[in-house]
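So you can see what is in the structure, the chains are spelled out below.
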Amino acid sequence: MINIKTIYIAALLLGNVAVAQNKTGFKGQGPIRGVSTVSRPVLRQWKGIFLQKGDDVYFSNDFEGGRLNGMLKVNDTLYTALISPENVPINGSPWYAFKVWAAKEKNITISLTYLQGRHRYPAKISRDGLSWSSLETAGAKKYFELDSVPQNYEFKLKVGKDTTWVAAQELFTSKHVSGWVAELNHQPNTTALQIGTSTLGKPLTVLKIGNPASKKRILIYGRQHPPEVTGHYAMTAFVQTLISDAKLSKKFLKEYLVYIVPLMNPDGVDEGNWRHNTGGVDLNRDWDAFNQPESSAVRDFLKKEISDQGNKLVFAIDFHSTYDDIYYRVDPKLKSDNPDLISSWLRKTQEQIPGYVPNVKSLYSGGPTYTAFSYLFKQYGAESLVYEIGDKTPRDFIKHKGEVSANLLMDLLLK
Ligand SMILES: [Zn+2]
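Basis of the calculations
Residues numbered from 1 in each chain as written. Predicted model: local features only at pLDDT ≥ 70, side-chain atom pairs only at ≥ 80, totals over all residues. Heavy atoms only, no water. Helix = DSSP H or I, 4+ residues; strand = E, 2+ residues; numbered from the N terminus. Rg over C-alpha atoms; globule rule 2.2 N^0.38 Å. Buried < 20%, exposed > 50% of the residue type's maximum accessible area, 1.4 Å probe, protein only. Contact = heavy atoms within 4.5 Å. Lys, Arg positive; Asp, Glu negative; His and termini not counted. Charge placed at Lys NZ, Arg CZ, Asp CG, Glu CD. Donors = N, O, S within 2.8 Å, 3.2 Å for Na, K, Ca; no water. Tetrahedral: all angles 85-135°; square planar, octahedral: opposite > 155°, others 65-115°. Pairing = 2+ DSSP bridges. Axes fitted to C-alpha atoms, helices over the stretch in contact; angles between N-to-C directions. Core = buried A, V, L, I, M, F, W, Y, C linked by side-chain atoms within 4.5 Å. 1 Å grid on protein atoms, 1.4 Å probe; cavity = no way out; pocket = protein on both sides within 12 Å on 5 of 7 lines; lining within 4 Å. Points joined across faces, edges and corners; volume = space filled by probe spheres on them. Nonpolar A, V, L, I, M, F, W, Y, C, P; charged D, E, K, R; others polar. Domains from an automatic or database assignment. Buried area = accessible area lost by both parts, 1.4 Å probe. Salt bridge = Lys/Arg side-chain N within 4 Å of Asp/Glu carboxyl O. Polar contact = N/O pair within 3.5 Å; in protein donor to acceptor, adjacent residues only side chain to side chain.

So, on to the overall build of the protein chain. On a plain count of helices and strands, the protein chain comes out with 9 helices and 18 strands. Taking 22 Å as the expected radius of gyration for a compact globule of 415 residues, we find that the protein chain reaches 22 Å, a close match to that expectation. For the protein chain, the C-alpha atoms occupy an extent of roughly 70 × 50 × 40 Å along the three principal directions. Going through the 415 residues of the protein chain one by one, you find that 56% of them count as buried. Contacts in the protein chain between residues far apart in sequence, at least 24 positions, make up 79% of those at least 6 positions apart. Treating the 51 positive side-chain charges of the protein chain as one cloud and the 41 negative ones as another, the clouds have centres 2 Å apart.

Listed below in structure tokens is the structure:
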């Protein structure tokens, strides 16, 4: 157990880091443009063990979330891995994940070569696929100066008989998420239901937690984009706080019904995709045309639960990851039902986390709703936003901010 004092000191230190990050001026993404979301072919990986003749170092991508497209032994200690996306054009989130072992212990260098785009994620390693450490010290690189980052990325690794897992971020596949859902499903007033299937036949799951008789509903969802594991950490911290034994959480769940869609893109996650689903599409551009099964399933579910029954979707939050923590919101100039909610929430978050300054950007000002958060605002009048966590944001801080944010939101929604 970490004691409270440690958490407080960590929050202070990390808060200062966050201020420093904001000063580096992360601007977030530019205006969202519409793109076709009609299905396109994806290149599925060859799966198996990569072993070169006469060698005794083995690489495997044969597991959920794996991504390794080719391997070349350059000399006795240097191996070049090819990492390619599922299709193009694609956002620069070059996910990779593979296992490596050798007959005899030895030190090797692995060079990652990307078929498209630039290096983004410093390697994480694990001995069991569950607990991970980063090969790069946090903050060692300035990650906003993208042009200065090399396209090849090399790191040294000691390999031996025991398997080493190497991945862009910690592995959280549909299997891990199902385990988390099953645990939550033991809670009182909780139901897990399948609302559809992905193209590869994986279940799309919604958890309903709270008071089913309440007219007031909120939606928590995430992982439209496969590599965005830090967003997943934030989502779980947020949800665990909502369902805690604290008085505030109990009161909240008596007054609200909460929907949670923890994994919007199970195919993309399990296939080790960089960005897309099996339809080769960025799901977070499909909330106008609804060409894909995942976005359509959530749209249809909400119609049945909200519009058809005269309920109100009060609030919706979409968890993602990017280069640095940022919130994308609806332009406050647009008329909304509860106009001060998000501003008050972010102001209180800043007050509660010493030194932390939320970076906030308006990303929807009207017109077609390509993204989920803008669709939920336009369709339901929900206070709706995107909660982005940095790729390298310290995991303790993600958890702390998720807990603080959830408590403040419950407090505001009960007023
Ligand atoms: Zn994303």
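We now examine the coordination of the zinc ion. The protein atoms that coordinate the zinc ion are H225 (ND1), E228 (OE), E228 (OE) and H320 (ND1), at distances spanning 2.1 to 2.4 Å. Its 4 donor atoms give the zinc ion angles of 57 to 147° at the centre, a pattern that matches the irregular case. For the zinc ion, all donor residues lie on one chain, and their spacing in sequence is H-x2-E-x91-H. Look at H225 and you get buried, because its relative accessible area is 3%.

Moving on to the sheet that holds strand β1 (residues 49-50). Taken in spatial order, the 6 strands make up an open sheet running β1-β2-β5-β10-β7-β8, and their pairing is antiparallel. Each having just a single partner strand, β1 and β8 (132-134) make up the two edges of the open sheet. Here strand β7 (residues 124-126) runs beside strand β10 (residues 164-167); their pairing, made up of 3 bridges, is antiparallel. Paired with I125 across the two strands is V166, which belongs to β10.

The step from V88 to P89 runs through a cis peptide bond, and the omega angle for that step is -5°. Tracing the backbone shows P89 in the loop between β4 (78-83) and β5 (97-102). With a phi angle near 60°, R223 is a residue other than glycine that sits in the positive phi range. Since its relative accessible area comes to 4%, R223 is described here as buried.

Now for the sheet that holds strand β13 (residues 216-222). Reading across the sheet, the 8 strands line up as β11-β12-β14-β13-β15-β18-β16-β17 and stay open at both edges, with mixed pairing between neighbours. Two strands lie at the open edges of the sheet, namely β11 (190-197) and β17 (360-364), each paired on one side alone. Within this sheet the neighbouring strands show an average axis-to-axis angle of 20°, counted without direction. Pairing analysis gives 7 bridges linking β11 to strand β12 (residues 203-210), with the strands arranged antiparallel. By the bridge assignment for β12, L193 is matched with V206. Most of the contacts of helix α6 (residues 293-307) go to β11, to which it runs at about 130°, and overall it touches β11, β12, β13, β14 (257-261) and β15 (312-322).

A few words on the nonpolar core. Formed by 45 residues in total, the largest nonpolar core has its most connected members in I218, I220, F252, F315 and W345. Of the residues forming this core, the biggest block, 9 residues, is contributed by helix α9 (residues 395-413). In this structure I218 touches L242, F252, Y256, L257, V258, Y259, L313, V314, F315 and L413, once residues within four positions along its chain are discounted. In terms of nonpolar packing, the next biggest core, distinct from the first, is built from 35 residues, F59, A97, Y121 and I125 among them.

The next point concerns the layout of surface pockets. The space that makes up the largest pocket amounts to roughly 800 Å³. Taken together, 36 residues line the largest pocket, and the ones lying closest to its centre are Q29, N91, R275, D282 and R285. If you list the elements that add at least two residues to the lining of the largest pocket, you get β15 and β18 (383-390). Considering every element that reaches the lining of the largest pocket, the biggest residue donor is β15, with 3 residues. Looking at the lining of the largest pocket, its residues break down into 12 nonpolar, 16 polar and 8 charged.

How large an interface is tends to be reported as the accessible area lost when its parts come together. Considered domain by domain, the protein chain is made up of domain 1 (4-34 + 172-413) and domain 2 (49-167). Between the C-alpha centres of domain 1 and domain 2 the distance comes to 30 Å. The interface is formed by 26 residues belonging to domain 1 together with 29 residues belonging to domain 2. Carbon and sulfur atoms supply 56% of the area buried between domain 1 and domain 2, which totals about 2300 Å² over both sides. For the interface between domain 1 and domain 2, the tally reads 2 salt bridges. Remark: the boundary between domain 1 and domain 2 carries 12 residue pairs in polar contact (both at pLDDT 80 or more). The set of elements that each furnish at least two residues to the side of domain 1 that touches domain 2 consists of α2 (174-184), α5 (266-270) and β15. Looking at which element gives the most residues to the side of domain 1 that touches domain 2, the answer is α2, with 3 residues. Here the residues of the side of domain 1 that touches domain 2 sort into 6 nonpolar, 11 polar and 9 charged.

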